[in-house]
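Single-letter residue listing:
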Amino acid sequence: MDTIGILGAGAMGSGIAQVAAAAGHEVVVCDNLTIALSKAGKGIQASLKTGVEKGKITDSDAYSLFSRIRFTDHMSEFRNCSIIIEAILEDIEQKQIAFKSMEAIVDERTILASNTSSLSISAMGAQLKHPERILGVHFFNPAPIMRLVEIIPGLQTNPEVVERGKKLIDGWGKTTVVAKDTPGFIVNRVARPYYGEALRIFDEGIADEATIDWAMRDLCGFRMGPFELMDFIGHDINYAVTEVVFSNFFYDPRYKPSFTQKRLVDAHFFGRKSGRGFYDYREGAVKPEPNRDEALGREVASRILAMLINEAADTLYLRVASRDDIDLAMTQGVNYPKGLLAWADEIGIEKVVEKLDSLYVEYLEDRYRCSPLLRKMVRENKTFY
Ligand SMILES: NC(=O)c1ccc[n+]([C@@H]2O[C@H](COP(=O)([O-])OP(=O)(O)OC[C@H]3O[C@@H](n4cnc5c(N)ncnc54)[C@H](O)[C@@H]3O)[C@@H](O)[C@H]2O)c1
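Residues numbered from 1 in each chain as written. Predicted model: local features only at pLDDT ≥ 70, side-chain atom pairs only at ≥ 80, totals over all residues. Heavy atoms only, no water.

Caption draft 1: Inspection of empty space enclosed by the protein at higher detail. Tallying each qualifying case throughout the model produces two cavities of 30 Å³ or more. Quantified by volume, the largest cavity comes out at close to 120 Å³. When contributions to the lining of the largest cavity are tallied by element, the ones reaching two or more residues are α8 (192–203) and α11 (235–248). Looking at the lining of the largest cavity, the element that brings in the most residues is α8, giving six residues. When its residues are assigned to classes, the lining of the largest cavity shows six nonpolar, five polar and five charged. Taken as a whole, the second largest cavity spans an internal volume of roughly 40 Å³. (1 Å grid on protein atoms, 1.4 Å probe; cavity = no way out; pocket = protein on both sides within 12 Å on 5 of 7 lines; lining within 4 Å. Points joined across faces, edges and corners; volume = space filled by probe spheres on them. Helix = DSSP H or I, 4+ residues; strand = E, 2+ residues; numbered from the N terminus. Nonpolar A, V, L, I, M, F, W, Y, C, P; charged D, E, K, R; others polar.)

Here you go:
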């Protein structure tokens with residue numbers, strides 16, 4: 001079986017190493033910090049121990065899985081790898097330097113892949129002698145649990161490399177979707193309004209956080225409301241992603257970050273991990289009750305849902321990904337109760353367009369412009385499925 005290289009032994013690198021070793025590969029994990037390597041080893045062992053306790057893996061399988069992973073601080077050990085997945089810090093220059101060094105070690109057929117969540121794959125390939133081997137493979141956190149992997153070819157990537165990379169990762173029991181090299185790929189783009197529109201509704205005082213969370217959870221079937229979810233992800237992380245997506249889209253107002261969230265970050269109210277975010281997680285704190293007014297809840301939910309569907313429709317319209325991959329990505333990557341395009345059919349595309357147009361007329365903001373695809377489908381009386 002192929003030997004897999006992983007550069008960066010942090011949260012993502014160690015998770016991906018565990019996934020590849022579980023599929024039977026020999027794995028080489030390289031990090032320039034030896035302390036990161038020992039932490040990764042301990043982390044994988046702890047995760048395997050939990051697996052054994054839950055009966056998901058036998059003791060001896062866990063032992064042999066771990067013995068397939070080699071930890072090193074020498075990149076030269078990547079020599080025989082057929083693919084190297086880079087998961088170092090999110091910095092384009094650092095990643096370009098790393099790819100150039102790795103290219104000097106491996107042979108021509110080795111795929112050089114990046115787990116970046118926001119940077120351009122084409123830009124990573126630009127510095128390579130063989131840029132046709134660059135590929136984005138975006139795992140979600142925690143990699144051993146989350147099934148979705150977005151596969152992103154750069155402008156220079158050879159289609160054979162895409163096929164090979166996709167087939168390999170499919171073989172690891174993951175669900176792969178292919179996305180164009182555009183900001184946020186599929187999930188981090190389509191999911192933006194879940195946070196952004198919820199924050200806008202909150203900022204306008206239409207409903208409070210508990211009510212918006214209740215509406216999205218109890219009336220729509222999302223596992224977590226937007227505010228609970230932002231508190232869980234951490235506002236530092238969630239705000240940073242929003243800022244990157246906003247600037248990468250040349251400041252399209254659709255992706256505009258919120259001052260409310262920025263202030264939480266300024267105050268270090270990062271959410272669950274810091275004890276305070278939108279909600280108070282300190283001992284003895286009482287969670288506020290939502291206003292269970294169904295009409296209000298439906299109004300909030302229909303607005304957020306219309307914005308999500310609009311983003312999914314534009315993602316299809318601009319050929320970032322296929323209909324099936326967009327719906328698959330949102331259901332498997334972030335556990336949405338339904339694919340957004342299938343949901344649009346269920347609600348009625350005409351109703352979604354009406355909602356968006358009413359927001360546009362009210363606010364006269366480009367943020368609420370309806371996707372031309374939705375308008376065209378109404379005109380032609382079409383559905384997504
Ligand atoms: N954490 C997430 O939820 C998540 C999800 C999807 C994608 N990503 C992306 O995955 C990548 C890694 O994220 P993470 O959360 O695992 O980061 P992390 O900070 O946990 O780990 C990064 C590791 O890379 C090592 N490193 C840095 N520069 C290096 C170099 N030049 N050579 C070798 N090792 C080096 C660091 O020592 C560290 O151990 C980033 O590009 C990030 O955007 C993160």
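Caption draft 2: Summary view of the site of the ligand. Taken together, 21 residues form the shell around the ligand, and within it Met12, Asp31, Glu90, Lys95 and Ser117 come nearest. At 2.9 Å, a side-chain N or O of Ser117 approaches an oxygen atom of the ligand. When the ligand is considered free in solution it has 840 Å² of accessible area, and contact with the protein chains removes 74% of it. Sorting the residues of the shell around the ligand by element identifies α1 (11–22) and β6 (134–139) as the ones contributing at least two each. Of the residues contributing to the shell around the ligand, the split by class is ten nonpolar, eight polar and three charged. (Near = heavy atom within 4 Å. Polar contact = N/O pair within 3.5 Å; in protein donor to acceptor, adjacent residues only side chain to side chain. Areas by Shrake-Rupley, 256 points an atom, 1.4 Å probe, with all protein chains shown as cover.)

Caption draft 3: Looking closely at the side chain of Glu228. With respect to the helices and strands, Glu228 occurs in helix α10 (residues 226–233). For Glu228, the side chain forms a polar contact with the side chain of Lys287, separated by 3.1 Å. Beyond its immediate chain neighbours, meaning those up to four positions away, Glu228 contacts Asp213, Arg217, Tyr279 and Lys287. (Contact = heavy atoms within 4.5 Å.)

Caption draft 4: Geometry of the nonpolar core. Counting residues in each nonpolar core, the largest one holds 77 residues, and the members touching the most others are Phe78, Tyr194, Phe222, Ile304, Leu340, Leu374 and Phe384. Per-element tally for this core: the top contributor is helix α13 (residues 294–317), with eleven residues. Of all hydrophobic cores here, the second largest spans 35 residues; its members include Val19, Ile44, Ala87 and Ala143. (Core = buried A, V, L, I, M, F, W, Y, C linked by side-chain atoms within 4.5 Å. Buried < 20%, exposed > 50% of the residue type's maximum accessible area, 1.4 Å probe, protein only.)

Caption draft 5: Focus on unusual backbone geometry. The residue after Asn141, namely Pro142, is reached through a cis peptide bond having omega 0°. Inspection of the secondary structure puts Pro142 in the loop between β6 and β7 (148–153). You will see that Phe185, though not glycine, has its phi angle at about 50°, which is positive. Given the relative accessible area of 1%, Phe185 is considered buried. Notably, Asn335 is not glycine yet its phi reads approximately 55°, a positive angle. Along the chain, Asn335 falls in the loop between α14 (323–333) and α15 (340–347).

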